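Structural description and commentary
Listed below, chain by chain, are the residues.
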Amino acid sequence: MSSSRAEQVRLTSIHCWALFIVLHLAAFSSVAETVDPRLVANPEKGEWTLFVIPDTQHYSQDRSNAPIAYMHSAFDWLVETRDQLNIKFVQGLGDIVESGSFFAEWDRASVAWNKLYGQIPFVVNQGNHDSISSINKYFPVANFESEPWWGGSYEGIHNSYQVFNFYGEDFLFINVQSHDPWGTDNPGARAWANGVIAAHPEHKVLLGTHDTLETSTIKRDILTQHDNIVLSNAGHSCARETRFLTFGPDGGVAQNFVVDYQCDKQEIMLLRYYVFRPLEDRVDYYTYSPIADIFEEDTNSQGSFDLEMRDDIDTAVVNSPWSWIKAKLRPSR
């Protein structure tokens, strides 16, 4: 081959390679531009995300309008999106199943929840459709108690707390039984929760439970008794989405949300999540279905509230992996 011909081939090769790089970068840029900013949290600004999972009882039955495959896909999506949204915690709101102790429903639902082990710290709450014995069989305290963020429990997994420090800010997650499947009151659980909250006066408290709307015990006995509760989430009610304020004894304000989509004609695994933005002293909340890839954008579904937070966000967040994968798809029955 002549030298001029070789040079022409070399230049053509260079041009082709350059074109490949340009097209590749353009494609990457296009993908990056398509990420909805509501699905991004910036850890360099100390931003992090809390997800709550409202009633999944119909998915556990694998109904035609609420297939269990949707629930499994949604939990896969949580793991896949963990870094993009800097998801630090997932908090269930109860009614994992419909039928109390029916093992087939617990098997289906727990397979979805088990996807989070070793990926994202999480906790479940007990709803009036969840038997206490079953929730503790499928999610025993032993699965969590060796984790550095585990605080403790009362009578089982259905009353628990977790402690974190995110970017210099201390947070306490408290999860408390609102009522058991037979409607029996449990004042001991509320007294325990009050003791835990009182023992962490410098922590911002995020409370998860099954019901704050149709029964008054959690609101009366816990939410109004402390000034450091900043957020609560509950499900249970076909009111679907509700927001109300409670005030502590010295004027502390708690933002309280109820989210429950089980009465929708077609359930699409709608999730509620909260993005904490300390440099802006603000929490943004969204309602999103990873199944349909849609946001609900009405004022009950999307908004923000003020929350004063530390701005010294240089404190590192320890992301130590879980010591071992504790989940079992089917506990012994």
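Everything in this summary refers to the structure shown in the same document. Everything quoted here is computed from the prediction, not taken from an experiment.

Taking 1.5 Å per residue as the helical rise, helix α3 (residues 68–80) with its 13 residues ought to reach 18 Å, and the 19 Å between its terminal C-alpha atoms agrees with that figure. Within the sequence span of α3, burial applies to I68, M71, A74, F75, W77 and L78. Where α3 is buried, its residues touch β1 (48–53), α2 (57–60), β2 (87–92), α4 (103–114), β11 (271–277) and β12 (282–289).

Attention shifts here to the side chain of S160. By the secondary structure assignment, S160 is in strand β5 (residues 160–166). Note on S160: relative accessible area 0%, which makes it buried. A polar contact of 3.0 Å, which involves the side chain of S160, links it to the side chain of Q162. Apart from the residues within four sequence positions on either side, S160 is in contact with V123, W150, G152, S153, F173, I174, N175 and W192.

Turning to the packing of aromatic side chains, a few remarks are in order. Inspection of the entire model under this criterion finds 33 aromatic pairs. Ring centres 4.2 Å apart and planes at 5° place the aromatic pair W48 and F276 in the stacked group. In this pair, W48 sits in strand β1 while F276 sits in strand β11, placing the two residues 228 residues apart along the sequence. Like W48, the residue F276 is buried in the burial classification. For the ring pair Y286 and F295, a centre distance of 6.2 Å and an interplane angle of 70° mean the geometry is edge-to-face. Exposure class is identical for Y286 and F295. Each is buried. In this structure, R38 packs its charged tip against the face of F295, placed 3.8 Å from the ring centre. Over the face of the ring belonging to F244 we find K219, whose NZ or CZ atom lies 4.7 Å from the ring centre.

The subject of this paragraph is the pattern of salt bridges. According to the stated counting rule, one finds 17 salt bridges in the structure shown. Ionic pairing is found between R190 and D185, a salt bridge with its closest N-O pair at 2.7 Å. Its relative accessible area of 43% is what places D185 among the partly exposed residues. R240 is the partner of D264 in a salt bridge, and the nearest nitrogen-oxygen pair spans 2.9 Å. A residue pair is termed long-range when its members are at least 10 positions apart, and D264 in the loop between β10 (253–259) and β11 and R240 in the loop between β8 (229–234) and β9 (241–247) qualify at 24 residues. The buried category is assigned to D264, whose relative accessible area is 18%.

On to the sheet that holds β5. If you walk across this open sheet you meet the seven strands as β4-β5-β6-β7-β8-β10-β9, and the pairing is mixed. With one partner strand each, in any of the chains shown, β4 (150–153) and β9 form the two edges of the open sheet. Shown here is a sheet whose adjacent strand axes are inclined to one another by a mean of 15°, direction ignored. Direction of pairing for strand β6 (residues 169–175) relative to strand β7 (residues 204–208): parallel, over a ladder of five bridges. Within β7, the residue paired with I174 across the bridge is L207. Here helix α6 (residues 187–198) sits on the sheet and contacts β4, β5, β6, β7 and β8; the angle it forms with β6, its principal contact strand, is near 175°.

One pass over the full model with this rule turns up three cavities of 30 Å³ or more. Of the voids in this model, the largest cavity is the one considered here, and its volume is about 60 Å³. Lining the largest cavity are I53, P54, D55, T56, Y59, Y261, Q262, E267, M269, L270 and L271. Class assignment for the residues of the lining of the largest cavity results in seven nonpolar, two polar and two charged. Within this model, the second largest cavity holds a volume of roughly 50 Å³. The wall of the second largest cavity is formed by G46, W48, F166, Y167, E169, F171, P278, M309, R310 and I313. Its residues assigned to classes, the lining of the second largest cavity comprises seven nonpolar, one polar and two charged.

Another aspect to go through is the state of the cysteines. A disulfide bridge is the covalent bond that connects two cysteines by way of their sulfur atoms. Under the criterion given, the structure shown has one disulfide. In this model C238 forms its disulfide with C263; the gap between the sulfur atoms is 1.6 Å. Taken together, the residues span a long stretch of sequence, with C238 in the loop between β8 and β9 and C263 in the loop between β10 and β11 at a distance of 25 residues. A relative accessible area of 44% places C238 in the partly exposed class. Judged by its relative accessible area of 47%, C263 is partly exposed.

Parameters at a glance
- Residues numbered from 1 in each chain as written.
- Predicted model: local features only at pLDDT ≥ 70, side-chain atom pairs only at ≥ 80, totals over all residues.
- Heavy atoms only, no water.
- Helix = DSSP H or I, 4+ residues; strand = E, 2+ residues; numbered from the N terminus.
- Expected span 1.5 Å × (residues − 1).
- Buried < 20%, exposed > 50% of the residue type's maximum accessible area, 1.4 Å probe, protein only.
- Contact = heavy atoms within 4.5 Å.
- Polar contact = N/O pair within 3.5 Å; in protein donor to acceptor, adjacent residues only side chain to side chain.
- Phe/Tyr/Trp six-rings, centres within 6.5 Å; stacked < 30°, edge-to-face > 60°.
- Lys NZ or Arg CZ within 6 Å of the ring centre and 35° of its normal.
- Salt bridge = Lys/Arg side-chain N within 4 Å of Asp/Glu carboxyl O.
- Pairing = 2+ DSSP bridges.
- Axes fitted to C-alpha atoms, helices over the stretch in contact; angles between N-to-C directions.
- 1 Å grid on protein atoms, 1.4 Å probe; cavity = no way out; pocket = protein on both sides within 12 Å on 5 of 7 lines; lining within 4 Å.
- Points joined across faces, edges and corners; volume = space filled by probe spheres on them.
- Nonpolar A, V, L, I, M, F, W, Y, C, P; charged D, E, K, R; others polar.
- Disulfide = S-S within 2.5 Å.

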